Amino acid sequence: MKAEADNSVAATPEDAVVVRLDRTALNEAKSVLYHAYRQEPTFQYLFEDRRPGYDQRVRATIRELISLYFDLDQDAIGLMRDETLVAVAFVGEPDLRLDLAHRFAWRLRMILTAGFASTRRYIDYHEQIRARLPDQMVHHLPLMGVHPKYQNLGYGRLMLKAVERLCADNPRGQGLVLDTGNSRYLPFYESLGFESLGEIQLGSLREFLLYRENLSPID
């Protein structure tokens, strides 16, 4: 894994350091995101957690998404504590506006590994998010997770601080968009200056879209 300290992105406390990730980090990043997302309401809905094979569908989707973002040369950063990758974020550049419906090679790999129904659900979800992005140029945060072992210890705030500084260094971007189907995260995001862009409905689940302008970096 390429894990060179990148002091231009963010300074962190002495127990963690921000690193830039490349494709050699795929397995480590996949593991962090799998453990971070498998119990989240959005993934449970999209990949039908009550149907056999749920874990395999989640693993396959995360692997294919990570591979796609590496293929597209998008920014990927992580937090290292000692020799352990504890948090990961993939940041979509403002001019990406990724359209998964027309990524035929990605769709085929997804259908073969996650199944047709899950692929269709994920693309529908993605297209709803994409349609709600602001007209101005904004970064999108499609994947960010902290390994459960390190949650509720401040690593999520550190990760978002690194993402915010990364976005602020890009003059094309005017802000950052993320989404969550877990309402208990809303106070955390609001405390960091994120505001509502609205909601989308995923079955009985409400997915919240949040936006933060490129102001001063998150404290």
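Refer to the structure presented above.
Per chain, the residues get numbers from 1 upward, laid out in the order the sequence is written. Totals for whole chains, interfaces and linings use all residues, but because this is a predicted model, local features are given only for residues with pLDDT of at least 70 and pairs of side-chain atoms are given and counted only at 80 or more. For side-chain calculations, the full set of non-hydrogen atoms in the structure is used, while hydrogens and water are omitted.

This paragraph deals with the environment of L21. A helix here means a DSSP run of H or I that spans at least four residues, while a strand means a run of E at least two residues long, and both kinds are numbered starting from the N terminus. Within the fold, L21 resides in the loop between β1 (17–20) and α1 (26–37). Overall, the relative accessible area of 9% leaves L21 in the buried class. For the pair L21 and A76, spaced 55 residues apart in the sequence, the C-alpha separation amounts to 5.3 Å. Only protein chains enter the area calculation, which uses a 1.4 Å probe; residues under 20% of their type maximum are buried, those over 50% are exposed, and those in between are partly exposed.

Right, let's talk about the pairing of strand β2 (residues 75–81) for a bit. The element β2 is largely enclosed, with a buried count of five among its seven residues. By the convention used here, strands pair only if DSSP detects at least 2 bridges between them. Pairing of β1 with β2 involves four bridges; the strand directions are antiparallel. Paired with V18 across the bridge in β2 is L79. Where β2 and strand β3 (residues 84–92) come together, seven bridges link them in antiparallel fashion. Residue pairing in the sheet places R81 in a bridge with T84 of β3.

Right, let's get into α1. An ideal rise of 1.5 Å per residue puts 16 Å on 12 residues; α1 measures up with 16 Å between its terminal C-alpha atoms. Considered for burial, the residues of α1 that qualify are L26, A29, V32, L33, Y34, A36 and Y37. Where α1 is buried, its residues touch α2 (41–46), α3 (54–71), β3 and β4 (139–146). For a helix, the expected span equals 1.5 Å multiplied by the residue count minus one. Contact definition: two residues touch when any of their heavy atoms are within 4.5 Å.

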